[in-house]
Amino acid sequence: MDILIIGSGGREYSIGLALSNDKNVDKLYFAPGNGATNRFGENISITDFEDLATFVKDNNIDLTIVGPEAPLVDGIVDVFKSHNLNVFGSSKAASQLEGSKIFMKNFLKRNSIPTAAFIETTNIKIANDFIDSLQTPIVVKADGLCAGKGVIIATSHEEAKKAASDMLSGESFGDAGTSIVVEEFLDGYELSVFAICDGEDYKILPAAQDHKRLLDGDKGPNTGGMGAYAPTPLINDELYKKINERVVDPTLKGMRDEGYPFEGVLFIGIMVVNGEPIVLEYNVRFGDPECEILMPLLKSPPSELFYKAATKDLKNLKIELSNEYAVCVVMASEHYPYKSSKPAEIIVNDSVDKEVLDNTHISYAGVTLEDDKLYATGGRVLLCVGLGNSIEEARNRAYDRCGDIHFVGKKFRTDIAYQALK
Ligand code: AMP
Ligand code: GLY
């Protein structure tokens, strides 16, 4: 089958890499892809959804997989479905789970799914009164999509009030912040849980842990994610059962009952507090960098999983997962996440020993190809992914591979997976 992947990051590269090793897959296309996705597919530069649908029809592409949230929230799936095309991703209505924090919080409340106590408001006085009723830290969130930056964890009441006021005035995030959610702080540990859904049925992938802060020890500003590992030992069968019964099942039922069945990747950000799962947020796509470690852990053909999810046929599918662990380390550019950095040529030496080479790979993200040379041109440039029989072995291999990659200004965390290894 021929498959089109929408997106340009490490997530889309890793989906493409997995599909390129899948015997059911003939040709891959990326829109727009990056400077390395053309190693196993054709990059196309169409962005308009109708034009993309026409391209898919003209080229007899069997399936389209949508990577990032923005086209999902903007309704790409609805356009493709109106042309009877097979597309893996959530509809515009269902994507509100990620596109609007207010929709998400009210959905959780309506369906009695555990989440932090909150109010939603456009009014500063209501926000301030609720802030006064909470203990610090206090969480203030902009309603709309803010590229992962719309959440402030304030350590004082004054800071929370200032964050609320800056959002409501439009100063912080423009229109995305003129409605806000204020909520209680949850003290626990975070898990990323991924369910591949066809509206009715779902398949759970191994739970992962991301590292959102820029610096070692979870210090510094929030980023899109600096590294991840899976499966995490911070989850066991009992917790999976609670998550399925209290979160995944009622979410899919609620979405169906409300008229927008959930198809695509349901990514649930969970805080585990005293052994109980509480929903922090939903995303409607794979996490990035989580996708880069989940793809190598999927042993059964990824084309089958995505195609069956897109055609409402997951019920009888058995997926096979690897017994190994995967760890990825993000290499970012000099000024990430503050501002862009000068393009820098990437040199990969591959001088590590064979065992490391055989059990690692690079997933390319913010890269551009020019005159046969690869340049770091994005914030998160590439990821080193290591596999192993333990988290420690996978992590050591990923870091060995990092030592082989050079570009001016490269930076990465040195403590990925520390929570699993302490
Ligand atoms: P979100 O975009 O809602 O996932 O928030 C981004 C990050 O902020 C989460 O991954 C958590 O680390 C943190 N966060 C969000 N809400 C809360 C909360 N109620 N309590 C503690 N941490 C939170
Ligand atoms: N890694 C977190 C995210 O993709 O939102």
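Here, the structure is the one placed above.
Here the structure is a predicted model, which is why all the values come from computation and not from measurement. Along each chain, numbering runs from 1 in the same order as the chain's sequence is written. For naming, the first written chain is A and the first written ligand is 1, with later ones following in the order written. Residue-level local features of this predicted model are given only where pLDDT is at least 70; pairs of side-chain atoms are given and counted only at 80 or more, and the full residue set underlies all totals for whole chains, interfaces and linings. Note: side-chain values were computed over all heavy atoms of the structure, leaving out hydrogens and water.

Colleague: Explain the overall build of the protein chain to me, please; I cannot follow it from the model alone.
Modeller: The number of helices and strands found in the protein chain is 14 helices and 25 strands. Radius of gyration means the value over C-alpha atoms here, while the globule rule gives 2.2 Å times the residue count to the 0.38 power. By the compact-globule yardstick of 22 Å for 422 residues, the protein chain fits well, its C-alpha radius of gyration being 21 Å. Each residue is placed in one exposure class: buried if its accessible area under a 1.4 Å probe, protein chains only, is under 20% of its type's maximum, exposed if it is over 50%, and partly exposed if it falls in between. Relative to its 422 residues, the protein chain shows a buried fraction of 56%. A contact between two residues is defined here by any heavy atoms of the two lying within 4.5 Å. Taking all contacts inside the protein chain whose residues are at least 6 apart in sequence as the whole, residues at least 24 apart take part in 69%. Residue-level accessible areas treat just the shown protein chains as cover; the underlying method is Shrake-Rupley with a 1.4 Å probe. Counting every atom, the protein chain has about 17,600 Å² of accessible surface; 47% of that belongs to carbon and sulfur. Helix numbering and strand numbering both begin at the N terminus, where a helix is a DSSP run of H or I of at least 4 residues and a strand a DSSP run of E of at least 2.

Colleague: So what exactly am I meant to see when it comes to the layout of surface pockets here?
Modeller: Sizing a probe to match a water molecule and rolling it over the atoms shows the empty space that remains. Points on a 1 Å grid, built from protein atoms alone, make a cavity when a 1.4 Å probe fits but cannot get out and make a pocket when they are open with protein on both sides within 12 Å along at least 5 of 7 lines; residues with an atom within 4 Å of a point are the lining residues. Grid points are joined across faces, edges and corners, and a volume is the space filled by probe spheres set on the points. Space inside the second largest pocket adds up to approximately 320 Å³. What lines the second largest pocket is a set of 16 residues, and nearest its centre among them are Ala 18, Asn 21, Met 295, Pro 296 and Leu 298. At the level of elements, α1 (10-20) and α10 (290-297) are the ones that each hand at least two residues to the lining of the second largest pocket.

Colleague: Would you mind going over the pattern of salt bridges with me for this structure?
Modeller: Pairs may arise between side chains of opposite charge once their charged atoms sit close together. Any carboxyl oxygen of Asp or Glu within 4 Å of a side-chain nitrogen of Lys or Arg constitutes a salt bridge here. Summed over all chains, the structure comprises 27 salt bridges. A salt bridge links Arg 110 to Glu 258; the nearest nitrogen and oxygen atoms lie 2.8 Å apart. Of this pair, Arg 110 sits in helix α6 (residues 101-110) while Glu 258 sits in the loop between α9 (237-257) and β16 (263-273); the two residues are 148 residues apart in sequence, bridging distant segments of the chain. With a relative accessible area of 46%, Arg 110 lands in the partly exposed category.

Colleague: Explain the site of ligand 2 here, please?
Modeller: Surrounding ligand 2, one finds Asp 210, Gly 224, Phe 267, Arg 285, Gly 287, Asp 288, Pro 289 and Glu 290. Polar contact criterion, stated in full: a pair of N or O atoms within 3.5 Å, where within protein one must be able to donate a hydrogen and the other to accept it, and residues adjacent in sequence count only if both atoms are side-chain atoms. Asp 210 places a polar side-chain atom, nitrogen or oxygen, 2.8 Å from a nitrogen atom of ligand 2. Gly 224 has a polar backbone atom sitting 3.2 Å from a nitrogen atom of ligand 2. A total of 200 Å² of accessible area belongs to ligand 2 in isolation, and the protein chains cover 88% of it. Being near a molecule or strand, for a residue, means having at least one of its heavy atoms within 4 Å of it.

Colleague: Teacher, can you tell me more about the packing of aromatic side chains here?
Modeller: The description of an aromatic ring pair uses the distance of the two centres, along with the angle that the planes make with each other. Ring geometry is summarised as follows: Phe, Tyr and Trp rings, the Trp one being its six-membered ring, pair when their centres sit within 6.5 Å, and such pairs are stacked at plane angles under 30 degrees, edge-to-face over 60 and tilted between the two. Counted according to the given criterion, the structure contains 12 aromatic pairs. Judged by centre distance (6.3 Å) and plane angle (20°), the rings of Phe 103 and Phe 107 are stacked. One end of the pair is Phe 103 and the other is Phe 107, both in helix α6 and 4 residues apart, which spans about a single turn. In this structure Phe 103 comes out as buried when scored by relative accessible area, which is 12%. Phe 107 gets classed as buried once you look at its relative accessible area, which sits at 0%. Seen from their ring centres, Phe 194 and Phe 267 are 4.5 Å apart, and the 40° between their planes marks the pair as tilted.

Colleague: Explain the pairing of strand β21 (residues 360-364) to me, please; I cannot follow it from the model alone.
Modeller: Looking along a regular strand, one sees side chains alternate from face to face of the sheet. Where burial is concerned, most of β21 is hidden: 5 out of the 5 residues are buried. The two faces of β21 match: Thr 360, Ile 362 and Tyr 364 on one face and His 361 and Ser 363 on the other face are all buried. Pairing analysis gives 5 bridges linking β21 to strand β24 (residues 380-388), with the strands arranged antiparallel. Directly across from His 361, in β24, lies its bridge partner Val 385. When DSSP finds two or more bridges between a pair of strands, those strands are recorded as paired.

Colleague: Where do I start with helix α11 (residues 302-310) in this structure?
Modeller: Quick reminder: α-helices carry 3.6 residues per turn. Residues three or four places apart thus point the same way. By the burial criterion, the buried members of α11 are Pro 302, Ser 303, Leu 305, Phe 306, Ala 309 and Ala 310. One side of α11 holds all its buried residues, which, seen down the axis, span an arc of 165°. Of the residues flanking the end of α11, it is Lys 312, one or two places downstream, whose phi is positive at about 55°. Working definition: the arc comes from the directions between the helix axis and the C-beta atoms, pointing outward to the latter.

Colleague: Teacher, can you tell me more about the site of ligand 1 here?
Modeller: Taken together, 14 residues form the shell around ligand 1, and within it Glu 183, Glu 184, Leu 186, Glu 190 and Glu 281 come nearest. A distance of 3.4 Å separates an oxygen atom of ligand 1 from a polar atom in the side chain of Lys 101. Side-chain polar atom of Lys 212 to an oxygen atom of ligand 1: 3.0 Å apart, as the coordinates give it. In the complex, 91% of the free accessible area of ligand 1, which totals 470 Å², lies under the protein chains. Among the elements of the structure, β7 (138-142), β8 (151-154), β9 (180-184) and β17 (276-283) are those that each provide at least two residues to the shell around ligand 1. Gly falls in the polar group here, along with every residue not listed as nonpolar (Ala, Val, Leu, Ile, Met, Phe, Trp, Tyr, Cys, Pro) or charged (Asp, Glu, Lys, Arg). When its residues are assigned to classes, the shell around ligand 1 shows 7 nonpolar, no polar and 7 charged.

Colleague: Sorry if this is basic, but what is going on with the sheet that holds strand β11 (residues 202-204) here?
Modeller: Hydrogen bonds between backbone groups are what pair the strands of a sheet, and the pairing can be parallel or antiparallel. The strand order β11-β10-β16-β17 describes an open sheet built from 4 strands, whose pairing is antiparallel. What marks the edges here is a single partner per strand, and that holds for β11 and β17. Within the sheet, the average angular offset between the axes of one strand and its neighbour, ignoring direction, is 30°. In the sheet, strand β10 (residues 189-198) pairs with β11 via 3 bridges, with the strands oriented antiparallel. Paired with Ala 195 across the two strands is Ile 204, which belongs to β11. Axis lines are fitted to C-alpha atoms, over the contacting stretch for helices. Their N-to-C directions set the angle, which ranges from 0 to 180 degrees. Each of β10, β11, β16 and β17 is contacted by α9, which is oriented at about 45° to β17, the strand it contacts most. Contacts from α11 reach β10 and β11, with the element oriented near 65° to β10.

Colleague: How should I be thinking about a nonpolar patch on the surface in this particular structure?
Modeller: Together, Val 151, Ile 153 and Phe 185 make up an exposed nonpolar region whose accessible area comes to about 220 Å². Position of Val 151 among the secondary structure elements: in strand β8. Patches draw on residues past 30% relative accessible area with no salt bridge. Two like charges within 9 Å are joined, as are two nonpolar side chains (Val, Leu, Ile, Met, Phe, Trp, Tyr) within 5 Å.

Colleague: I tried to follow the nonpolar core on my own but got confused; where do I start?
Modeller: When a protein is soluble and globular, its nonpolar side chains tend to lie buried together. In this text, buried Ala, Val, Leu, Ile, Met, Phe, Trp, Tyr and Cys residues form a nonpolar core when linked through side-chain atoms within 4.5 Å. Grouped together as the largest cluster of nonpolar side chains are 64 residues, with contacts concentrated most on Ile 15, Phe 88, Ile 196, Phe 286, Ile 346, Leu 382 and Phe 407. If near-sequence neighbours (up to four positions away) are discounted, Ile 346 is found in contact with Val 367, Leu 374, Tyr 375, Ala 376, Val 381, Leu 382, Ile 405, His 406 and Phe 407.

Colleague: Explain the packing of α1 against α10 here, please?
Modeller: Two quantities define a packed helix pair, namely the angle between the helix axes and the distance between the axes. Interhelical geometry of α1 versus α10 gives an angle of 10° and a closest axis separation of 8 Å. Looking at the two axes, α1 sits roughly parallel to α10. Across from Gly 10, Arg 11, Ser 14, Ile 15 and Ala 18 in α1, the residues of α10 making contact are Cys 291, Glu 292 and Met 295. Residue composition of the contact of α1 with α10, grouped by class: 4 nonpolar, 2 polar and 2 charged. Should an angle fall under 35 degrees it is called roughly parallel, over 145 degrees roughly antiparallel, and 65 to 115 degrees roughly perpendicular, with every other angle called oblique.

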